[in-house]
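Each chain, letter by letter, is given below.
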Amino acid sequence: MHKRPLKISIAILTVVSLTAALASISSSGVQMGESALGLKLFASAGIAILFGIISLVLIRLNLKLQQNIIQREETELSLTKLSSAVTNSGASIAITNTEGIIEYVNDKFCELTGFEQSETIGRSIDLLGPAQFPDGEEVPSWSMNCLQENWEGDLLSSRKDGTQFWCATTISAVYDKHQSITNYVVSGIDITDLKEANSAMQQLALFDSLTGLANRRLFIDRMGQSIAAAQRRRTITALLFLDLDQFKRINDTLGHDAGDQLLLIVAERLKSCVRAQDTVSRLGGDEFTILLNDIRDTQSITHITNQILKDLKEPIMLGKHEVIISTSIGITLAPNDSQEVDTLMKNADLALYHAKERGRDGYYFFTEELNTNALKLLHIEQELRHALQMDEFTILYQPQVCLKTGSIMSVEALIRWHHPIRGEVSPDDFISIAEETGLIVQIGEWVLRNACMQTKMLQQLTGQKIKVAVNLSSRQFSDPSFEQVISEVIASSGLEPKYLELEVTESMLMNNIDRVIEQLNRIKSSGITITIDDFGSGYSSLSYLKKLPVDILKVDRQFVRDIPEDLNDMEITSAIIAIAHKLNLKVIAEGVENIDQRDFLVINKCDYAQGYYFSKPLTFEDLYSFFTASQLKSA
């Protein structure tokens, strides 16, 4: 800002110096001889040049000084902005040295933890560590191990008054000019509410509300883990199916309260018969399952089973009535009988049926003789291959309705098999077989290709920008050529990617989560919508959900089916909707069959719904007629 006046001053000084020199030469030229005059002229010129050099040096020094001043002012301004941003940040921020000693905390840190700044400076960051863990269970908490170059995680934290909270934490390293770490910046936000909501949802979704035992969802999850562990350790996993004999008679005679009391006593007796590492589950009604882990020989299984039969037959007092209950047990072993959860569940159920046939109050091991389904499965596999060749599959479309506007926002593509002899075959009767044999990859591609092609045709015929949702199987999703298939289908059908939704299940996403996230990001980058189907039916986890690049959660129909009669289902559904909205996800509920269910979803701000209340699945022709009729009404 002072460059120009200084430059002018120095220039004037130079001119004055030269003028003075010339004047001196002129005034003394008469009195001096020629040689003296020349010497004087030379000296004066030298002085002028010297002044000029000094002037240039001063100009450069001035320029450098001004640049330094400007840079310093800019640096000070940046530091002021940064300091203000850190101080007023909505996140808790602390800065530590390399040993974890706190050097700075912002106001939000103090507000969140209850510590004053003076109480934290000079103390270790692990002052936030909890004194004890809830229920004695170790969970991620503050420690020096968290101080790494780039670290993220959820940590159980403790305030000054001892109360605990969950903190979503990010730790970043600060480097000096030698690329050595000098400090760590620790930032975090309170996610206690989200954690508690997730815990409540898991409690409702994974445990039986009456007995507190694991329910079907949790049992199947633990069973998968047990089978994998048995393969590694070369041990046996035993699956026991139990069904109480004559329970319906006792329940109907003494009433439902007595029946519930009986189930509670049975649950306690079953737990007392097994080890801590085993799992007892109630599937529903009077059906129980037991998972025996790390078994070395079948004699141990026989011993536990006999103990169960003995303990359950001990008299039970229900009010003034003494009853004696017995049970029938079906048993199957992994990996001996199978390594697939679904197959083992079917094996145990079949063995239970034979135990009842043999007179109840006993047990029966699954054998190959019982597995008459093997030939049937082989036959169905052959028929599925023929169905693909002969184009026996069709697609039905079930509308998905926006609950705010009542308009159809998309349709779900549902495959149907028209068998030439047996007529229409339910997907429940062939999808699992197609999955086991690998044919689901070809069938899934057929559905994807035809659904996109027909949806594009429907858009052209009706002018409606309708979307189509296509279910993916786990085999299809893990197929190496799957992404290439999507690209080819989009290109050949002409359907814009933004009008395609791909529905994946929770179980498909839990294996190799990093690879799944990369794959979903690549698919989503093209504009395709990603939906998690049947959310809550698996092991739902917010820690995974917040990482996954998904757009929509689809509430499993099991939670919607018994609304408003089942309060647990209502709690689970409302919790899923609330959590999804906190994560900026849309929610669609399936299986809506009556106005009470619709109204409940509207009250809880569910975004979309589908089910027979709105429309049954429609053929392409009926769907076209449906849209045409809607256009005529609106006109």
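It should be noted that the structure appears before, not after, this text.
Residues numbered from 1 in each chain as written. Predicted model: local features only at pLDDT ≥ 70, side-chain atom pairs only at ≥ 80, totals over all residues. Heavy atoms only, no water.

## Some points on the sheet that holds strand β6 (residues 236-245)
Note the cut-off: Here the rule is simple: two strands pair whenever DSSP picks up at least two bridges between them. Going along the chain from the N terminus, every DSSP run of H or I of four or more residues is numbered as a helix, and every run of E of two or more is numbered as a strand. Orientation is described by lines fitted to C-alpha atoms, with helices fitted over the stretch in contact, and by angles between N-to-C directions that extend from 0 to 180 degrees. Contacts are residue-level and defined by heavy atoms, with any inter-residue pair within 4.5 Å sufficient.
Read from one edge to the other, the open sheet built from 5 strands follows the order β7-β8-β6-β11-β12, with strand pairing classed as mixed. Across the chains shown, the open sheet's two edge strands, defined by having one partner strand only, are β7 (279-284) and β12 (363-365). Within this sheet the neighbouring strands show an average axis-to-axis angle of 20°, counted without direction. Two strands pair when backbone bridges link them, and β6 and strand β11 (residues 326-334) are joined in this way by 9 bridges, in the antiparallel orientation. Its bridge partner being in β11, Ala238 is matched across the sheet by Leu333. Set on the sheet, helix α9 (residues 298-312) makes contact with β6, β8 (287-295), β11 and β12; between it and β11 the angle comes to about 165°.

## Comments concerning the nonpolar core
We apply this condition: We define the nonpolar core as a collection of buried residues of types Ala, Val, Leu, Ile, Met, Phe, Trp, Tyr and Cys that are connected through side-chain atoms lying within 4.5 Å of one another. Buried, partly exposed and exposed residues are distinguished by accessible area as a fraction of the type maximum, computed with a 1.4 Å probe on protein chains only: under 20%, between the cut-offs, and over 50%, respectively.
Leu384, Leu500 and Leu502 are the most contacted members of the largest nonpolar core, which has 80 residues in total. With 8 residues, the top contributor of residues to this core is helix α13 (residues 440-462). Discounting residues that sit within four places of it in the chain, Leu500 has contacts with Leu448, Cys452, Val468, Val470, Ile490, Leu495, Ile528 and Thr529. Membership of the second largest hydrophobic core comes to 33 residues, among which are Leu242, Val280, Ile329 and Leu333.

## Description of the sheet that holds strand β2 (residues 102-105)
Spatial ordering of the open sheet is given by β2-β1-β5-β4-β3, a layout of 5 strands whose pairing is antiparallel. Either end of the sheet is taken by a strand with one partner, and the two such strands are β2 and β3 (150-158). Here the strands of the sheet are splayed against their neighbours by 25° on average, with no regard to which way each runs. Of the pairings in the sheet, the one linking strand β4 (residues 164-175) to strand β5 (residues 181-190) comprises 9 bridges and is antiparallel in character. Across the sheet, the residue bridging to Ser172 is Val185, located in β5.

## Here's the deal with empty space enclosed by the protein
Convention followed: In the cavity and pocket records, a cavity denotes points on a 1 Å grid over the protein atoms alone where a 1.4 Å probe fits but cannot get out, a pocket denotes an open set with protein on both sides within 12 Å along at least 5 of 7 lines, and lining residues are residues with an atom within 4 Å of a point. Grid points are joined across faces, edges and corners, and a volume is the space filled by probe spheres set on the points.
One pass over the structure, following the stated rule, counts 3 cavities of 30 Å³ or more. Space inside the largest cavity adds up to approximately 80 Å³. Looking at the largest cavity, it is lined by 15 residues, and the ones nearest its centre are Ser92, Phe109, Leu128, Trp142 and Cys167. Elements supplying a minimum of two residues to the lining of the largest cavity: β1 (92-97), α3 (107-113), β4 and β5.

## Quick word on the side chain of Glu503
Quick reminder of the rule: We define a polar contact as two N or O atoms separated by no more than 3.5 Å, with the added condition that, inside protein, one atom must be a possible hydrogen donor and the other a possible acceptor, whereas residues neighbouring each other in sequence contribute only through side-chain atom pairs.
Looking at the secondary structure, you find Glu503 in strand β17 (residues 500-505). Of the polar contacts made by the side chain of Glu503, one reaches the side chain of Lys554; its length is 3.1 Å. Discounting residues that sit within four places of it in the chain, Glu503 has contacts with Gln400, Glu412, Ala469, Val470, Asn471, Leu472, Thr531, Asp533 and Lys554.

## Focus: unusual backbone geometry
Residue Pro335 follows Ala334 across a cis peptide bond; omega there is 5°. Topologically, Pro335 is positioned in the loop between β11 and α10 (341-357). Of the consecutive residues Ile563 and Pro564, the connecting peptide bond is found in the cis state with omega at 5°. Along the polypeptide, Pro564 turns up in the loop between α19 (557-561) and α20 (567-582). Although it is not a glycine, Asp294 sits at a positive phi angle of roughly 50°. By the secondary structure assignment, Asp294 is in strand β8. A relative accessible area of 27% means that Asp294 is categorised as partly exposed.

## Considering the side chain of Gln519
Following the sequence through the fold, Gln519 ends up in helix α17 (residues 513-524). Once residues within four sequence positions are removed from consideration, Gln519 is found in contact with Phe477, Phe482 and Glu483.

## Brief notes about the state of the cysteines
For clarity, the threshold we go by: Note on terminology: disulfide denotes any pair of cysteine sulfur atoms within 2.5 Å.
Within the structure shown, the criterion is met by 0 disulfides. Between Cys402, a cysteine without a disulfide, and Cys606, which holds the nearest cysteine sulfur, the sulfur-to-sulfur distance is 9.9 Å.

## Regarding a nonpolar patch on the surface
To keep it simple, the criterion reads: Patch construction takes residues with relative accessible area above 30% that form no salt bridge. Like charges are linked within 9 Å, and nonpolar side chains (Val, Leu, Ile, Met, Phe, Trp, Tyr) are linked within 5 Å. Residue-level accessible areas treat just the shown protein chains as cover; the underlying method is Shrake-Rupley with a 1.4 Å probe. Criterion for a salt bridge: a side-chain nitrogen of Lys or Arg within 4 Å of a carboxyl oxygen of Asp or Glu.
On the surface, a cluster of nonpolar side chains totalling about 650 Å² of accessible area is made up of Ile49, Leu50, Ile53, Ile54, Val57, Leu58 and Leu61. Within the secondary structure, Val57 is located in helix α2 (residues 34-87).

## Let's talk about the packing of helix α8 (residues 256-273) against α9
So the rule is basically this: Relative orientations are named as follows: roughly parallel for angles under 35 degrees, roughly antiparallel for angles over 145 degrees, roughly perpendicular for angles from 65 to 115 degrees, and oblique for any other angle. For a crossing to be left-handed, the near helix must be turned anticlockwise from the far one by less than a right angle; the clockwise case is right-handed. We call Asp, Glu, Lys and Arg charged. Ala, Val, Leu, Ile, Met, Phe, Trp, Tyr, Cys and Pro are nonpolar, and the rest, Gly among them, are polar.
The N-to-C vectors of α8 and α9 enclose an angle of 150°; their axes lie 10 Å apart at closest approach. By the angle class used here, α8 and α9 are roughly antiparallel. In this structure, the crossing between α8 and α9 has a hand that is right-handed. Seen from α8, the contacting residues are Val266, Arg269, Leu270, Ser272 and Cys273; seen from α9, they are Ile304, Gln307, Ile308, Asp311 and Leu312. Of the residues in the contact of α8 with α9, the class split is 6 nonpolar, 2 polar and 2 charged.

## Overview of the environment of Phe366
Structurally, Phe366 is set in the loop between β12 and α11 (373-390). The exposure class of Phe366 is buried, given its relative accessible area of 7%. Each C-alpha atom of the pair Phe366 and Gly330 lies 7.2 Å from the other, and the pair is 36 residues apart in sequence.

## What about the packing of aromatic side chains?
The following threshold applies: In summary, the pairing rule links any two rings of Phe, Tyr or Trp, Trp by its six-membered ring, whose centres are within 6.5 Å, and it sorts them by plane angle into stacked for under 30 degrees, edge-to-face for over 60 and tilted for everything else.
Applying the stated criterion to the full structure yields 8 aromatic pairs. Ring plane angle 90° and centroid distance 6.2 Å describe the contact between Phe626 and Phe627, whose orientation is recorded as edge-to-face. With relative accessibility at 32%, the residue Phe626 sits in the partly exposed group. Among the residues examined, Phe627 registers a relative accessible area of 5% and is labelled buried.

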